[in-house]
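Geometric and topological summary
Residues per chain are reported as follows:
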Amino acid sequence: MNLLDGKYVSEKIKQEIAEEAAKVLATRGRKPHLVAVLVGHDGGSETYVASKMRNCEAVGFKSSLVRYEDDVTEEELLIKVAELNADEDIDGIIVQLPLPKHIDPEKVTEKIDHRKDVDGFHPINLGRMQRNLPSFIPATPYGITLMLKEYNIETSGKHCVVVGRSNIVGSPISILMARNTYPGNCTVTVCHSRTPDIKKFTLDADILIVAIGKKNFITADMVKDGVVVIDVGMNRETSTLTKSGYKLYGDVDFEGVSQKASWITPVPGGVGLMTIIGLLKNTLASANKEVYS
Ligand code: NAP
């Protein structure tokens, strides 16, 4: 078994991003700038946003946080997004999901100017990605492709099984793995909660990407020898053993599956770290007007 080491790859790419950010500052007189909008006080969201802000600062970006309480109205939020869209000092805007029930996340996502949509969730970016046109690619799938590239994992002609079909992970990564690019050119099967006998599909996977949010769902008996495993799951459980007070588990039973896998991502230390890289790269590309001029 070989480890797809998110810590190693993310640190390496972060250095490259920092060098590019310094060039942006030198030539344009300002840093790439990411703004995050956070509504409420969900523990997971607080952690993710704080990590995004910290990583921005670490590579020499400017980061700003706009906070609202849970009772912010949809209209107030849409007005703020419009303001951020119009602000020329801002390169990337993210609105941390989930939002409170009274706010339609689709409306908010579509309100973000697609040229600043560094989460890559806007339908224009998703459509352009599917057509293989320049676009912002959702951060987690983007991070996964960077990881596969770094380790020169062969993908062409392989059977890639994606478990999960969410808008932010399963669905976009299935599109990317089927595109005529590298990584890509796979034959892709997408499984979800209505798939009967998932094991039938996972057992045939050369590349298995799992994003469902169920601790240790994929076990050793569900995979074949030599499979490449990407575990996106981040299942938090409270723990007295860690400083943070919680422990993270993947969707894959690492102990069992790693005995059969040729390559596998750990949790933590795998895809989560690469997601941040996807976001930073999109923000840098926006500052450099690489996607939309
Ligand atoms: P999500 O929106 O909750 O979607 C879950 C998907 O899994 C759905 O498509 C669902 O099917 C499917 N599913 C649920 N239970 C299943 C089962 N028993 N068998 C087969 N399919 C099942 O999840 P998400 O946002 O993609 O997140 C998935 C996991 O990845 C979570 O643990 C999340 O925390 C983690 N995550 C990690 C990162 C990272 O950076 N590492 C980023 C994003 C998410 P239906 O569509 O039929 O309901």
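Residues numbered from 1 in each chain as written. Predicted model: local features only at pLDDT ≥ 70, side-chain atom pairs only at ≥ 80, totals over all residues. Heavy atoms only, no water.

1. Considering the packing of helix 1 (residues 6-28) against helix 6 (residues 139-150)
Each pair of packed helices can be summarised by the angle the axes make with each other and by the distance between the axes. As a packed pair, helix 1 and helix 6 sit with axes 11 Å apart at the nearest point and diverge in direction by 95 degrees. Put simply, helix 1 runs roughly perpendicular to helix 6. Here Gly6, Tyr8, Val9, Lys12 and Ile13 of helix 1 come into contact with helix 6, specifically with Leu146, Met147 and Glu150. Split into classes, the residues belonging to the contact of helix 1 with helix 6 amount to 5 nonpolar, 1 polar and 2 charged. (Axes fitted to C-alpha atoms, helices over the stretch in contact; angles between N-to-C directions. Helix = DSSP H or I, 4+ residues; strand = E, 2+ residues; numbered from the N terminus. Parallel < 35°, antiparallel > 145°, perpendicular 65-115°, else oblique. Contact = heavy atoms within 4.5 Å. Nonpolar A, V, L, I, M, F, W, Y, C, P; charged D, E, K, R; others polar.)

2. Re the site of the ligand
In the vicinity of the ligand lie 21 residues, with Arg165, Ser166, Ser193, Met234 and Thr275 positioned nearest. At 2.5 Å from an oxygen atom of the ligand is found a side-chain nitrogen or oxygen belonging to Ser166. Between the ligand and Thr275, the relevant distance is 2.7 Å, taken from an oxygen atom to a side-chain nitrogen or oxygen of the residue. Starting from 920 Å² of accessible surface for the ligand in isolation, the protein chains cover 73%. Counting residues per element, the shell around the ligand draws most heavily on helix 10 (residues 271-287), at 3 residues. In terms of residue class, the shell around the ligand is made up of 9 nonpolar, 10 polar and 2 charged. (Near = heavy atom within 4 Å. Polar contact = N/O pair within 3.5 Å; in protein donor to acceptor, adjacent residues only side chain to side chain. Areas by Shrake-Rupley, 256 points an atom, 1.4 Å probe, with all protein chains shown as cover.)

3. So, the pattern of salt bridges
Throughout the structure, instances matching the rule amount to 12 salt bridges. Lys12 serves as the salt-bridge partner of Glu150, at 2.9 Å between the closest nitrogen and oxygen. Of this pair, Glu150 sits in helix 6 while Lys12 sits in helix 1, placing them 138 residues apart in sequence. Overall, the relative accessible area of 24% leaves Glu150 in the partly exposed class. (Salt bridge = Lys/Arg side-chain N within 4 Å of Asp/Glu carboxyl O. Buried < 20%, exposed > 50% of the residue type's maximum accessible area, 1.4 Å probe, protein only.)

4. Some points on the nonpolar core
If you look at the biggest cluster of nonpolar residues, it comprises 50 residues, and the most contacted ones within it are Ile17, Phe61, Ile144, Met177, Ile209, Ile230 and Val232. In terms of residues, this core owes the most to one element, helix 10, which gives 8 residues. Here this core spans two domains, since at least three of its residues come from each of domain 1 (29-113) and domain 2 (139-271). Of all hydrophobic cores here, the second largest spans 17 residues; its members include Val35, Val37, Val66 and Leu78. (Core = buried A, V, L, I, M, F, W, Y, C linked by side-chain atoms within 4.5 Å. Domains from an automatic or database assignment.)

5. A few points about a negative patch on the surface
Taken together, the side chains of Glu69, Asp70, Asp71, Glu75 and Glu76 present a region of like negative charge at the surface. Mapped onto the secondary structure, Glu76 falls in helix 3 (residues 74-86). (Patch = residues over 30% accessible without salt bridge, like charges linked within 9 Å, V, L, I, M, F, W, Y side chains within 5 Å. Lys, Arg positive; Asp, Glu negative; His and termini not counted. Charge placed at Lys NZ, Arg CZ, Asp CG, Glu CD.)

6. Here we look at the sheet that holds strand 2 (residues 33-39)
Ordered in space as 3-2-4, the 3 strands form an open sheet in which the pairing is parallel. Two strands bound the open sheet, and with one partner strand each, they are strand 3 (62-68) and strand 4 (92-95). Going from strand to strand, the sheet's axes swing by 15 degrees on average, the running direction of each strand aside. Relative to strand 3, strand 2 runs parallel, the two sharing 7 bridges. (Pairing = 2+ DSSP bridges.)

7. Digging into the domain arrangement of the protein
Each domain of the protein was delimited in the assignment, giving domain 1 (29-113) and domain 2 (139-271). Listed per partner, the contact involves 5 residues of domain 1 and 4 residues of domain 2. Between domain 1 and domain 2 the total buried area reaches about 280 Å² when both faces are included, carbon and sulfur atoms providing 46% of it. At the surface where domain 1 touches domain 2, the tally comes to 0 salt bridges. The interface formed by domain 1 and domain 2 contains 1 residue pair in polar contact (both at pLDDT 80 or more). Among the elements that make up the side of domain 1 that touches domain 2, the one with the highest residue count is helix 2 (residues 43-58) (4 residues). In terms of residue class, the side of domain 1 that touches domain 2 is made up of 1 nonpolar, 3 polar and 1 charged. (Buried area = accessible area lost by both parts, 1.4 Å probe.)

8. Let's talk about the sheet that holds strand 5 (residues 159-163)
Pairing within the open sheet is parallel, and its 6 strands lie in the order 1-11-8-7-5-6. Looking at the sheet topology across the chains shown, the edges are occupied by strand 1 (2-3) and strand 6 (187-191). Summarising the sheet, strand 1 and strand 11 (residues 263-264) pair through 2 bridges and their orientation is parallel. Following the sheet pairing, Leu3 is matched in strand 11 by Ile264.

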